[in-house]
Amino acid sequence: MNQPPSNVDLLAWFGDDERNVCSQCGVQACVSLPDVPAHFCLACGAITIAGIRLDTAGILPV
């Protein structure tokens, strides 16, 4: 029997040394992948590429 999708705590997948402070919410929950200029905040949902937030007004629902 398949389990329905759940909210898995993705932040637990990353060690403290892999997390950065989010420039949007200030929580140490911002992660990225090697050689990728994008950062993803697992606290507030902000996504930035090369330092520019995709939803510049913060209007994307999280």
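Residues numbered from 1 in each chain as written. Predicted model: local features only at pLDDT ≥ 70, side-chain atom pairs only at ≥ 80, totals over all residues. Heavy atoms only, no water.

### Quick notes on the sheet that holds strand β2 (residues 28–32)
Short version of the rule: Note: two strands are recorded as paired if DSSP finds a minimum of 2 bridges between them. Helix and strand assignments come from DSSP, with helices taken as H or I runs of at least 4 residues and strands as E runs of at least 2, each series counted from the N terminus.
Reading across the sheet, the five strands line up as β1-β2-β3-β4-β5 and stay open at both edges, with antiparallel pairing between neighbours. Bordering the open sheet on either side are β1 (20–21) and β5 (52–53), each of which pairs with just one other strand. Summarising the sheet, strand β4 (residues 47–49) and β5 pair through two bridges and their orientation is antiparallel. For T48, the partnering residue across the bridge sits in β5 and is R53.

### Quick look at the nonpolar core
As a reminder, the rule being used: Buried Ala, Val, Leu, Ile, Met, Phe, Trp, Tyr and Cys residues form a nonpolar core when they are joined through side-chain atoms within 4.5 Å. Residue burial is assigned from relative accessible area. The probe radius is 1.4 Å, only protein chains are included, and a residue is buried under 20% of its type maximum, exposed over 50%, and partly exposed in between. In this description, contact between two residues means that some pair of their heavy atoms is separated by no more than 4.5 Å.
Counting six residues, the largest nonpolar core consists of C22, A29, C30, C41, C44 and A46. With near-sequence residues (within four places) excluded, C22 lies in contact with V27, C30, C41, C44 and A46.

### Re unusual backbone geometry
Not every positive phi belongs to a glycine, and D35 is a case in point at roughly 60 degrees. For D35, the location among the structural elements is in the loop between β2 and β3 (38–41).

### As for the pattern of salt bridges
Between side chains of opposite charge, a pair can form when the charged atoms approach closely. Rule in force here: Salt bridges are identified by distance alone: a Lys or Arg side-chain nitrogen within 4 Å of an Asp or Glu carboxyl oxygen.
Under the criterion given, the structure shown has one salt bridge. With a shortest N-O distance of 3.4 Å, R19 and D16 are connected by a salt bridge. A relative accessible area of 54% means that D16 is categorised as exposed.

### Thoughts on the environment of C30
Looking at the secondary structure, you find C30 in strand β2. Not counting chain neighbours up to four residues away, the residues in contact with C30 comprise E18, R19, N20, V21, C22, H39, F40 and C41.

### Things to note about the pairing of β2
Pairing between β1 and β2: two bridges, direction antiparallel. Among the inter-strand pairings, N20 is bridged to a residue of β2, identified as C30. Two successive antiparallel strands, β1 and β2, enclose a turn made up of six residues, where G26 displays a positive phi of approximately 80 degrees. Between β2 and β3, which pair antiparallel in sequence order, lie five residues; one of them, D35, sits at a positive phi of approximately 60 degrees.

Function cannot be read off these values alone, since they describe shape.
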